Amino acid sequence: KAGVTQTPRYLIKTRGQQVTLSCSPISGHRSVSWYQQTPGQGLQFLFEYFSETQRNKGNFPGRFSGRQFSNSRSEMNVSTLELGDSALYLCASSLAGGGTGELFFGEGSRLTVL
Amino acid sequence: DAKTTQPTSMDCAEGRAANLPCNHSTISGNEYVYWYRQIHSQGPQYIIHGLKNNETNEMASLIITEDRKSSTLILPHATLRDTAVYYCIVRVFGGSQGNLIFGKGTKLSVKP
């Protein structure tokens, strides 16, 4: 069965622009989480969505937002990009209440802000 | 902040067992120990988890001390492909599962 798919894999933006990243979870998974990974801060939780509702949110500014659609696909948006937003953005899906509780991660979207 | 402490790095010879320790002295009674690994430039991959009994699957074994304050992940026959950063995470099972608190992890280098 297909894994978690993230698009685009790589992108370059300039300061002040905005970006939208997409994540398609594993079929049947209803929970989608987003993480930011940088060399300095490591892996940090952004937010989690379940049944189109944000269930958890990490400690990030309001410029970071997300949403989930009825088919469980999710998008995250970063507005007014800053140089420090350059990072690998990872999406993970899970059964949300079933299975082993493990998260299945995608390959990530690598964002470079110039 | 992460509730776990792991060594920054470890080396292991190919074919030998890799034993990765993790301290979680403040673990609560309802928290499980999870292990993930991240191979360079890929998303993290689930390895194993446990509550208080030792666990084994096709990838690894997890040994949790009786007081649950520490655990060891064992890769029985390490290969070069096991070179990765290994993360030990404690979390409650069930409910909202998407929020994992990752620490710095242990960078395992498997050498020929």
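Residues numbered from 1 in each chain as written. Chains lettered and ligands numbered in written order. Predicted model: local features only at pLDDT ≥ 70, side-chain atom pairs only at ≥ 80, totals over all residues. Heavy atoms only, no water.

Asks: Go over the overall build of chain B with me, naming the residues and quoting the values.
Replies: Helix and strand counts for chain B come out as zero helices and nine strands. Against the globule reference of 13 Å for 112 residues, chain B gives a C-alpha radius of gyration of 13 Å, in line with a compact fold. Here the C-alpha coordinates of chain B stretch approximately 40 × 30 × 25 Å along the principal axes. Across the 112 residues that make up chain B, the buried fraction comes to 46%. (Helix = DSSP H or I, 4+ residues; strand = E, 2+ residues; numbered from the N terminus. Rg over C-alpha atoms; globule rule 2.2 N^0.38 Å. Buried < 20%, exposed > 50% of the residue type's maximum accessible area, 1.4 Å probe, protein only.)

Asks: Outline the state of the cysteines, listing residues and values.
Replies: Applying the stated criterion across every chain yields a total of two disulfides over all chains. In this structure Cys12(B) is a free cysteine whose sulfur lies 18 Å from that of Cys22(B), the closest cysteine sulfur available. (Disulfide = S-S within 2.5 Å.)

Asks: Provide a residue-level description of the interface of chain B and chain A, including the pertinent values.
Replies: Each partner contributes residues to the interface: chain B has 20 residues there, and chain A has 23 residues. For the chain B and chain A pair, buried surface summed over both sides reaches about 1700 Å², with 48% attributable to carbon and sulfur atoms. Remark: the boundary between chain B and chain A carries zero salt bridges. Where chain B meets chain A, there are four residue pairs in polar contact (both at pLDDT 80 or more). If you tally residues by element for the side of chain B that touches chain A, the top one is strand β3 (residues 31–38) of chain B, at three residues. The residue inventory of the side of chain B that touches chain A, partitioned by class, reads eight nonpolar, ten polar and two charged. (Contact = heavy atoms within 4.5 Å. Buried area = accessible area lost by both parts, 1.4 Å probe. Salt bridge = Lys/Arg side-chain N within 4 Å of Asp/Glu carboxyl O. Polar contact = N/O pair within 3.5 Å; in protein donor to acceptor, adjacent residues only side chain to side chain. Nonpolar A, V, L, I, M, F, W, Y, C, P; charged D, E, K, R; others polar.)

Asks: Report on the packing of aromatic side chains, specifying residues and quantitative values.
Replies: As enumerated under the stated definition, the model contains eleven aromatic pairs over all chains in all. Relative to Phe45(A), the ring of Tyr35(A) has its centre 5.6 Å away and its plane inclined at 65°; by these criteria the two rings are edge-to-face. Placement of Tyr35(A) in strand β4 (residues 31–38) and of Phe45(A) in strand β5 (residues 42–50) is noted, with a sequence separation of ten residues between them. The pair Tyr35(A) / Phe45(A) is uniform in exposure class, with both members buried. Site record: aromatic cluster; members linked through ring pairs are Tyr35(A), Phe45(A), Phe105(A), Tyr34(B), Tyr36(B), Tyr46(B), Tyr87(B) and Phe102(B). Over the aromatic face of Phe50(A) sits the side chain of Arg55(A), whose NZ or CZ is 4.4 Å from the ring centroid. A cation over a ring is seen here: Arg91(B) above Tyr34(B), with NZ or CZ 4.9 Å from the ring centre. (Phe/Tyr/Trp six-rings, centres within 6.5 Å; stacked < 30°, edge-to-face > 60°. Lys NZ or Arg CZ within 6 Å of the ring centre and 35° of its normal.)

Asks: Got a sec to walk through unusual backbone geometry? Specific residues and values, please.
Replies: Residues and elements named next belong to chain A. Residue Pro8 follows Thr7 across a cis peptide bond; omega there is -10°. Summarising the element assignment, Pro8 is placed in the loop between β1 (5–7) and β2 (10–13). Residue Ser72 is not a glycine yet carries a positive backbone phi of 75°. Counting through the fold element by element, Ser72 comes out in the loop between β7 (64–68) and β8 (74–78). On the accessibility criterion, Ser72 (12% relative accessible area) is buried. Even without glycine at this site, Thr80 takes up a positive phi of about 45°.

Asks: With reference to specific residues and values, describe the side chain of Ser61(B).
Replies: Residue and element names in this part refer to chain B. Along the chain, Ser61 turns up in strand β6 (residues 61–64). You can call Ser61 buried: its relative accessible area is 19%. Within the local environment of Ser61, its side chain forms a polar contact with the side chain of Thr56, the two groups lying 3.1 Å apart. Those residues in contact with Ser61, other than ones at most four positions away along the chain, are Ile48, Glu55, Thr56, Thr72, Leu73 and Ile74.

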